Amino acid sequence: MKNKSALLSSLSLFVCFCLLTGLSRLIVRYIGNSVPLLLLAEVLSFALPALLAYYAAEDRDVVKKHLAWKTPSKGGLRFAVFLGITVAMFALASNIALGALSGQAGGDFSAATLPLTQSKFGTHGIYYVFAAAAALVEELYLRGVLMPIEEQDVGTSASILFAGITFALLQGEPLRMPGAFAAGCAFAYMAYILGSVWPAVIAHLAGGLYLAFSMWMTDTYAPFGIWNYFPACNLLGLLFFLYLTVRTAQGMLVRDSVPHFEKSAGWYDLWLLMRRPGVLVFIVAFAAKIVLDTIG
């Protein structure tokens, strides 16, 4: 039963990647930029793998406990919001920096690159809808269902690192991987210390709303040359919110409201997760996508 649970939970990552990569492309190619269908594709890409992993879980009670709402300790929600915005600003800064180094002006961040500029929600309102949907379905699957299954097998530290790696690979874009890795680890840590996936959802939502706002702002005020100043403003904001995050975390540590990690074998436990068949085919699929994008 345990081997079956490990196999299917890891295989769910491969299913998630295939759906996430394929559904939106099929919709855009054969139907067009249909916002409702693209939103549905985002939801299905994470909901179906979540169901697969949940029903394969050896101990579903642990997963249910992680999915339930738990009142955060003092400062917990504030920490979630600050951390979410901090990792979003870091992700954006790393995208811009890596994009500049690779010769792509502005990195891979631009509202103009998205096929979602017009909808019944308004010119840019759809950004916020997608940010909310992504925060909900991604966290419920990755940190709500998958993480407690992995934590039972290998402990906390390995499962948090694994959460960062898988979140980075699911982005499907090399430039986004450093920021996505940091976000995946941060959201997993948030879910662990507060004993529920919902603070991670809040953190993810806060970061997503910041990115959506940034897309709107740089797109709307592009004629005024805002992009010349935005990277520096984002970096200053990153330093400010990092300070707020650290101060809030310090207060939680002083009150002893942050649990210690469960003991694990460290890197070996991470290797145990990475060598599972489902994870290996997921990595192969990611590599294949990169190759095809490069030659295509």
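This write-up is about the structure you can find in this document. A quick note: this is a predicted structure, and the numbers were derived from the prediction, not measured.

**Things to note about the overall build of the chain**
Step number 1: Along its length, the chain carries 11 helices and zero strands.
Step number 2: If you list the helices and strands of the chain from N to C, you get α-α-α-α-α-α-α-α-α-α-α.
Step number 3: In the chain, which comprises 296 residues, the proportion classed as buried is 48%.
Step number 4: In the chain, once contacts between residues fewer than 6 apart in sequence are set aside, the share between residues at least 24 apart is 80%.
Step number 5: Summed over its atoms, the accessible surface of the chain is roughly 14,400 Å², and 69% of this surface lies on carbon and sulfur atoms.

**A short note on the side chain of Thr 156**
Step number 1: Structurally, Thr 156 is set in helix H6 (residues 156–171).
Step number 2: A residue is classified by how much of its surface remains accessible, and Thr 156, at 0% relative accessible area, is buried.
Step number 3: Reaching out from Thr 156, the side chain makes a polar contact with the side chain of Glu 151 at a distance of 3.0 Å.

**Regarding empty space enclosed by the protein**
Where empty space is left becomes clear once a probe the size of a water molecule has been rolled over the atoms.
Step number 1: Tallied over the entire structure, the rule returns two cavities of 30 Å³ or more.
Step number 2: What the second largest cavity holds in volume is close to 40 Å³.
Step number 3: Looking at the second largest cavity, the residues that line it are Leu 142, Arg 143, Leu 146, Met 147, Glu 150, Phe 162, Ala 163 and Thr 166.
Step number 4: Sorting the residues of the lining of the second largest cavity by element identifies helix H5 (125–154) and H6 as the ones contributing at least two each.
Step number 5: For the lining of the second largest cavity, the leading source of residues is H5, giving five residues.
Step number 6: Taken together, the residues of the lining of the second largest cavity sort by class into five nonpolar, one polar and two charged.

**Quick look at the pattern of salt bridges**
Step number 1: Scanning all chains against the criterion turns up three salt bridges.
Step number 2: We note a salt bridge from Arg 276 to Asp 153, for which the minimum N-O separation is 2.9 Å. You can see Arg 276 sitting in the loop between helix H10 (267–274) and helix H11 (277–295) and its partner Asp 153 sitting in helix H5, a full 123 residues away along the chain.
Step number 3: Judged by relative accessible area, Arg 276 falls into the buried class, the value being 13%.
Step number 4: One salt bridge in this structure joins Lys 289 and Glu 173, with 3.7 Å as the shortest N-O distance. One end of the pair, Lys 289, is in helix H11; the other, Glu 173, is in the loop between H6 and helix H7 (177–193), with 116 residues separating them in the sequence.

The rules behind these values
Residues numbered from 1 in each chain as written. Predicted model: local features only at pLDDT ≥ 70, side-chain atom pairs only at ≥ 80, totals over all residues. Heavy atoms only, no water. Helix = DSSP H or I, 4+ residues; strand = E, 2+ residues; numbered from the N terminus. Buried < 20%, exposed > 50% of the residue type's maximum accessible area, 1.4 Å probe, protein only. Contact = heavy atoms within 4.5 Å. Areas by Shrake-Rupley, 256 points an atom, 1.4 Å probe, with all protein chains shown as cover. Polar contact = N/O pair within 3.5 Å; in protein donor to acceptor, adjacent residues only side chain to side chain. 1 Å grid on protein atoms, 1.4 Å probe; cavity = no way out; pocket = protein on both sides within 12 Å on 5 of 7 lines; lining within 4 Å. Points joined across faces, edges and corners; volume = space filled by probe spheres on them. Nonpolar A, V, L, I, M, F, W, Y, C, P; charged D, E, K, R; others polar. Salt bridge = Lys/Arg side-chain N within 4 Å of Asp/Glu carboxyl O.

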